[in-house]
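Structure assessment
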Amino acid sequence: MFNKAALSSYSFPYANVITLFQMLCSCLFLYVLKYWKIISFTTSEPQNPQNPQNVSNNPARLVSFKTLLHSLPLALSYLLYMLITMESVRAINVPMYTTLRRTTVAFTMIVEYLLTGQKHSLRVVGSVGIIILGAFVAGARDLSFDAYGYAVVFVANICTAVYLASIARIGKSSGLNSFGLMWCNGIICGPILLFWTSIRGDLEAIRNFPFLLSPGFQVVMLLSCIMAFLINYFVFMNTTLNSALTQTICGNLKDLFTIGFGWILFGGLPFDLLNVVGQSLGFFGSCLYAYYKLKGQ
């Protein structure tokens, strides 16, 4: 929602700069938390803020170069995921964006199978089918159809599936915890994105942005960076502890709130009963998946 506010409400034309700011803020937050000995970067490193003597004396130490290389595919998929997702938010209204993003579950199941050989029960596949059916029902009469916007969202879905599957695979083999994976992403992707935005002239151009010093815009950007940090952490944790598909389904469960806020704050999609039915189907499919997972089915 804050990304959409910056890109649409304030007409900020530099989506890559937002992504760069989010990465820089994430690295800053991680550095400070590590310096204060609140977090660790590896699963083997003690993490107990109440007993700081058990934590490494070098709180800002980087992970090894070998580990950075091991996490390179994850970092590159993360960078592509962030850039494409940011563009997809700009290209389409929030309610329809959320609807089309639900089809990510199908891409995730395919990528999981290709990368890890993960198979799912017929009941789980059926619940995913209900989610996808709901997405198509919801978008059947979208009066604001935009071929480019829809194409970008589907590319974002593919990138998301690859990114989540990479977390599940590399997160369990690298020895890094969620904070460590986020640190590697920032260290690898930050310089790449900084170079890209520099040669494109985005960093130079933002000096002429009319709302750059506006308190409202600065608050939106700050909240966007904070939320990006929190979202990334919980995405890493959930995907590592559970699976890429579970994380995708959990993302669908919050869609009802996103759609409601999107209609209220940004508009762009006329009320349609068919859309409501589709959203309800998707929500029901997500709940059904959660039920089957709890039952171990």
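In this report, the structure presented in the accompanying data block is examined. Keep in mind the model is a prediction, meaning the values are calculated, not measured.

Of regular secondary structure, the protein chain possesses 14 helices and zero strands. Secondary structure elements in the protein chain, listed N-terminal to C-terminal, are α-α-α-α-α-α-α-α-α-α-α-α-α-α. Across the 297 residues of the protein chain, 48% fall into the buried class. Of all intrachain contacts in the protein chain linking residues separated by at least 6 positions in sequence, the fraction that spans at least 24 positions is 83%.

This part is about the pattern of salt bridges. Pairs can form between side chains of opposite charge once their charged atoms are near each other. On inspection of all chains with the given rule, the structure shows two salt bridges. As a salt-bridge pair, arginine 200 and aspartate 202 come within 3.9 Å of each other at their nearest N and O atoms. Since its relative accessible area comes to 7%, aspartate 202 is described here as buried.

Along the chain, serine 26 turns up in helix α2 (residues 15–35). Contact partners of serine 26, with chain neighbours within four places excluded, come to Met182 and Phe229.

In this structure, Leu30 and Tyr163 are the most contacted members of the largest nonpolar core, which totals 33 residues. Looking at this core, the elements that each hand over two or more residues are α2, α4 (72–91), α8 (147–171), α9 (178–200) and α11 (215–241). Filtering out sequence-adjacent residues up to four positions away, tyrosine 163 remains in contact with Leu74, Ser77, Tyr78, Tyr81, Asn185, Asn232 and Phe236. Counting 21 residues, the second largest nonpolar core, distinct from the first, contains Ala6, Ile18, Met86 and Phe209.

Among the secondary structure elements, valine 17 is positioned in helix α2. Placed 181 residues apart in sequence, valine 17 and serine 198 show a C-alpha to C-alpha distance of 9.7 Å. Apart from residues lying up to four places away in sequence, valine 17 is in contact with Phe12, Thr197, Asp202, Leu203 and Ile206.

Scoring rules and cut-offs
- Numbering of residues starts from 1 in each chain and follows the order in which that chain's sequence is written.
- This being a predicted model, a pLDDT of at least 70 is required before a residue's local features are given, and a value of 80 or more before pairs of side-chain atoms are given or counted; all residues contribute to the totals for chains, interfaces and linings.
- The side-chain quantities take in all heavy atoms of the structure and omit both hydrogens and water.
- Numbering of helices and strands runs from the N terminus, with a helix taken as a DSSP run of H or I at least four residues long and a strand as a DSSP run of E at least two residues long.
- Only protein chains enter the accessibility calculation, which uses a 1.4 Å probe; a residue whose area is less than 20% of its type maximum is buried, one above 50% is exposed, and one in between is partly exposed.
- What makes two residues a contact is simply this: any of their non-hydrogen atoms within 4.5 Å.
- Salt bridges are counted wherever a side-chain nitrogen of Lys or Arg sits within 4 Å of a carboxyl oxygen of Asp or Glu.
- For this analysis, a nonpolar core means a set of buried residues of the types Ala, Val, Leu, Ile, Met, Phe, Trp, Tyr and Cys, connected via side-chain atoms within 4.5 Å.

Keep in mind these numbers describe shape, not what the thing actually does.
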